[in-house]
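A look at the structure
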Amino acid sequence: MATTTRLRPPTHRVSRRSVRMWTLEGAISAAVLLILLSAAAWGLRFAAWDWVPEWLLRYAWWLPVVYAAYSAVRVPLVPQWRYRVHRWEITADVVYTRTGWFSRKWQLVPVSRIQTVDHRQRWMERMFRVATLEVQTASHAGSSTIEGLDADETRRISEELAARAAELRDDAT
């Protein structure tokens, strides 16, 4: 009888500071969209366009109100949920990530297949001292990205992975 290996969750979470960054990013994007929706509703309400249905003119203000209510729930909850489900782990021979909220994606990238290891910081990531680690293989499906890692840890991991991948490639030749 064959035994089945169960895929366990990776052990590490991203940096707790990434939750504040994701919350701020969500709040900024929600505010921009709310301003645009409000301007559109105001424009519809006060424009004298004959081609716009009367019911749309009457209820146009509902769109920004509904979006504001949705954003008031979404902005604080989504970063918390994202923090709980996004995990990562790096072992001697594999980079292991798990992402996804409703449908989960487990990804195992063999260190021996790594071609490049990059770390990057957008301006907001620099503000919160987090970074993104990108592990790339020759296959697009084999590449992996871990967002929200501590910036110093990301730098250390990228250097270690690059060195380990180079050692494994040298051993294979």
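Being a predicted model, the structure only gives us computed values, none of them experimental. (Residues numbered from 1 in each chain as written. Predicted model: local features only at pLDDT ≥ 70, side-chain atom pairs only at ≥ 80, totals over all residues. Heavy atoms only, no water.)

**Remarks on the sheet that holds strand 6 (residues 130-137)**
Taken in spatial order, the three strands of this open sheet run 5-6-7, and their pairing is antiparallel. Two strands in the sheet have a free side with no partner beyond their single neighbour: strand 5 (114-120) and strand 7 (144-150). Adjacent strand axes in the sheet meet at a mean angle of 20°, parallel and antiparallel pairs treated alike. Where strand 6 and strand 7 come together, six bridges link them in antiparallel fashion. Each bridged residue has a counterpart across the sheet, and for Glu-134 the counterpart in strand 7 is Thr-145. Packing of helix 1 (residues 17-46) onto the sheet brings it into contact with strand 6 and strand 7, and relative to strand 7 it is tilted by some 105°. (Pairing = 2+ DSSP bridges. Helix = DSSP H or I, 4+ residues; strand = E, 2+ residues; numbered from the N terminus. Axes fitted to C-alpha atoms, helices over the stretch in contact; angles between N-to-C directions. Contact = heavy atoms within 4.5 Å.)

**Some words on a positive patch on the surface**
Positive charge collects at one region of the surface, where Arg-13, Arg-16, Arg-20, Arg-84 and Arg-129 lie side by side. Note that Arg-20 resides in helix 1. (Patch = residues over 30% accessible without salt bridge, like charges linked within 9 Å, V, L, I, M, F, W, Y side chains within 5 Å. Areas by Shrake-Rupley, 256 points an atom, 1.4 Å probe, with all protein chains shown as cover. Salt bridge = Lys/Arg side-chain N within 4 Å of Asp/Glu carboxyl O. Lys, Arg positive; Asp, Glu negative; His and termini not counted. Charge placed at Lys NZ, Arg CZ, Asp CG, Glu CD.)

**Observations regarding the environment of Glu-159**
Note on placement: Glu-159 falls in helix 5 (residues 151-172). Sequence separation between Glu-159 and Thr-91 is 68 residues; the distance between their C-alpha atoms is 15 Å.

**Remarks on unusual backbone geometry**
Even without being glycine, Arg-129 reaches a positive phi, approximately 55°. Tracing the sequence through the fold places Arg-129 in the loop between helix 4 (123-128) and strand 6.

**Considering the pattern of salt bridges**
A complete count under the given rule lists seven salt bridges for this structure. Residue Arg-17 pairs with Asp-150 through a salt bridge whose shortest N-O separation is 2.3 Å. Placement of Arg-17 in helix 1 and of Asp-150 in strand 7 is noted, with a sequence separation of 133 residues between them. The buried category is assigned to Arg-17, whose relative accessible area is 17%. Exposure remark for Asp-150: the relative accessible area of 24% places this residue in the partly exposed category. Among the salt bridges present, the one from Glu-134 reaches Arg-120, with a minimum N-O distance of 2.7 Å. Of this pair, Glu-134 sits in strand 6 while Arg-120 sits in strand 5, and the two are 14 residues apart along the sequence. Judged by its relative accessible area of 16%, Glu-134 is buried. (Buried < 20%, exposed > 50% of the residue type's maximum accessible area, 1.4 Å probe, protein only.)

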